[in-house]
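Observations on the three-dimensional arrangement
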Amino acid sequence: MEFTAQQIAEYLGGKVEGNPEATVNTFSKIEEGKTGSLSFLSNPKYAHYLNSTQSSVVLVNADLELEGPTNATLVRVSNAYESVAKLLQLYESMKPRKQGIDSLAFVSPSSTIGSDCYIGAFAYIGNNVEIGDGCQIYPHAYIGDGVKLGNGCIIYPNVIIYHGCKIGNRVTLHAGCVIGADGFGFAPTATGYDKIPQIGIVTIEDDVEIGANACVDRSTMGSTYIRKGVKLDNLVQIAHNTDIGSNTVMSAQVGIAGSTKVGQWCMFGGQVGIAGHITVGNKVTIAAQSGVISDVSDGQALMGSPTQEHRSFYRIEVLKRRLPELNRQLSQLQKEIEEIKNNINHHE
């Protein structure tokens, strides 16, 4: 399906600069652009590619100043990154959706399947499962007894949802992620560790996306919560009894220990570790590989392990680089002090 630059501009509320009839039928990165493709430019360090790209249409920010001539038609918008996201969502929504239950899938007779659903080969749907309308459940997915799935969910291959968990509307679970495995609960004894049964569930609210091979553990009692709009990257670990606030995002390999509460609109970089039984406030930003061991109040920007306020972290890092020089200066001062002491003692 083709679209003109003018149609794209009208959809995005932008302005065409160049040929409004230029057509596109695919997407490409600006440095790999080709005729008939749409690219975008939001990072100024890639601006020089405008001089050479073969893309037919490029989305740019309205205030971008060109460094030279370009053969591409530009569509100026308020935010190029947000605009290309809207176009990609439109493109994705226009793809044909699979429907029907494959003959090789197992669906328990006691389960309820909504309309316009797809269930792929070798998927397993347990007893008393409720699946909403328009869900896509890919091959080899496992949905345990009593699971409730809202409307418009996408469950990719090899996803496992343990018994009793509740999944909201428009939730996407990527390949290999595990929802509702037992929390890591063991009581130490004189002879070993006694397992503490994990009898709770996981509750995932609307518009959540969880990456490949991520894990969200069921609670000891009650529920582990992933609130509305949360986005978790691949290989994220959410332990039992945690509560992740709405619209919080976490990059790959973040680990959240048990019974921790994370606020709304937080952003965690890759490999951040959060200790158990603490509270992280709203709109907290934590840099990659940081370790959090105590409560964090709203709005803080932290880094390091253990974490500290980012300005303090940078000051300390600067001093670390000067340690060899400071050590030499200290040694020299010690020598001078010893010489002064010797002179004083000699004159006495």
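This one's a predicted model, so the numbers in the text were calculated from it and none came from an experiment.

Here is what the cut-offs are and how they apply
- Residues numbered from 1 in each chain as written.
- Predicted model: local features only at pLDDT ≥ 70, side-chain atom pairs only at ≥ 80, totals over all residues.
- Heavy atoms only, no water.
- Helix = DSSP H or I, 4+ residues; strand = E, 2+ residues; numbered from the N terminus.
- Rg over C-alpha atoms; globule rule 2.2 N^0.38 Å.
- Buried < 20%, exposed > 50% of the residue type's maximum accessible area, 1.4 Å probe, protein only.
- Contact = heavy atoms within 4.5 Å.
- Lys, Arg positive; Asp, Glu negative; His and termini not counted.
- Charge placed at Lys NZ, Arg CZ, Asp CG, Glu CD.
- Pairing = 2+ DSSP bridges.
- Phe/Tyr/Trp six-rings, centres within 6.5 Å; stacked < 30°, edge-to-face > 60°.
- Salt bridge = Lys/Arg side-chain N within 4 Å of Asp/Glu carboxyl O.
- Polar contact = N/O pair within 3.5 Å; in protein donor to acceptor, adjacent residues only side chain to side chain.
- Core = buried A, V, L, I, M, F, W, Y, C linked by side-chain atoms within 4.5 Å.
- Axes fitted to C-alpha atoms, helices over the stretch in contact; angles between N-to-C directions.

1. Points about the overall build of the chain
Secondary structure summary: the chain contains four helices and 40 strands in total. Here the chain has a C-alpha radius of gyration of 28 Å; the compact-globule value for 348 residues is 20 Å, and the former is much larger. Each principal axis of the C-alpha atoms in the chain carries an extent, and together these give about 105 × 75 × 30 Å. The 348 residues of the chain split such that 39% are buried. Across the chain, every contact between residues at least 6 apart in sequence was considered, and the portion connecting residues at least 24 apart equals 17%. Charge centroids of the chain, computed over 27 positive and 34 negative side chains, lie 2 Å from each other.

2. A closer look at the pairing of strand S22 (residues 186–189)
Examined bridge by bridge, S22 and strand S23 (residues 192–195) share four bridges and lie antiparallel to one another. Across the sheet, the residue bridging to Phe 186 is Lys 195, located in S23. If you look at the hairpin formed by S22 and S23, you'll find two residues sitting between the two strands.

3. Overview of the packing of aromatic side chains
Overall, the coordinates contain eight aromatic pairs when judged by the stated rule. Centroid distance Phe 27 to Tyr 91: 5.5 Å. Interplanar angle 75°. Geometry classified as edge-to-face. Remark: Tyr 91 occurs in helix H2 (residues 80–93) and Phe 27 occurs in strand S4 (residues 26–27); sequence separation between them is 64 residues. Exposure remark for Phe 27: the relative accessible area of 27% places this residue in the partly exposed category.

4. A closer look at the pattern of salt bridges
Under the definition given, this model contains ten salt bridges. Note that Glu 325 is salt-bridged to Arg 322, the shortest N-O span being 3.7 Å. One salt-bridge network, in which partners are shared between bridges, spans Glu 205, Arg 227, Asp 243 and Lys 261.

5. A closer look at the sheet that holds strand S15 (residues 142–143)
With parallel pairing, the ten strands of this open sheet are ordered in space as S9-S12-S15-S18-S21-S26-S29-S32-S35-S38. Whereas interior strands pair on both sides, the edge strands pair on one side only; in this sheet they are strand S9 (106–107) and strand S38 (291–292). One ladder, built from two bridges, connects strand S35 (residues 273–274) with S38; its direction is parallel. Bridging from a neighbouring strand, Ile 274 pairs with Val 292 of S38.

6. Concerning the side chain of Ser 55
Residue placement: Ser 55 occurs in the loop between strand S5 (37–41) and strand S6 (57–61). In this structure the side chain of Ser 55 is engaged in a polar contact, spanning 3.4 Å, whose partner is the side chain of Ser 37. Side-chain polar atoms of Ser 55 contact the side chain of Ser 39, separated by 2.6 Å. Setting aside chain neighbours within four positions, we find Ser 55 in contact with Ser 28, Gly 33, Lys 34, Ser 37, Ser 39 and Ala 72.

7. Description of the nonpolar core
Ranked by internal contacts, the top residues of the largest apolar core, which has 50 residues, are Ile 161, Ile 179 and Phe 268. When residues no more than four places from it in sequence are discounted, the contact partners of Ile 179 are Ile 160, Ile 161, Tyr 162, Cys 165, Ile 167, Leu 173, Val 202, Ile 204, Ile 210 and Val 216. Residues Ala 5, Ala 22, Leu 59 and Ala 80 belong to the second largest nonpolar core, which totals 15 residues.

8. Some remarks on the side chain of Arg 76
Looking at where Arg 76 falls in the secondary structure, it is placed in strand S7 (residues 73–77). A distance of 3.4 Å separates a polar side-chain atom of Arg 76 from the backbone oxygen of Asn 61. Those residues in contact with Arg 76 that sit more than four places away from it in its chain are Gly 14, Lys 15, Glu 17, Val 60, Asn 61, Ala 62, Asp 63, Leu 64 and Leu 66.

9. Considerations on the sheet that holds S5
The pairing of strands in a sheet comes from backbone hydrogen bonds and takes either a parallel or an antiparallel form. Strand order in the open sheet formed by five strands is S2-S7-S6-S5-S4, with mixed pairing between adjacent strands. Both edges of this open sheet fall to strand S2 (15–17) and S4, since each of them pairs with a single strand only. Pairing of S2 with S7 involves three bridges; the strand directions are antiparallel. In the sheet register, Glu 17 faces S7, and the bridge partner there is Leu 74. The sheet strands contacting H2 are S4, S5, S6 and S7, and the helix crosses S6 at an angle near 140°.

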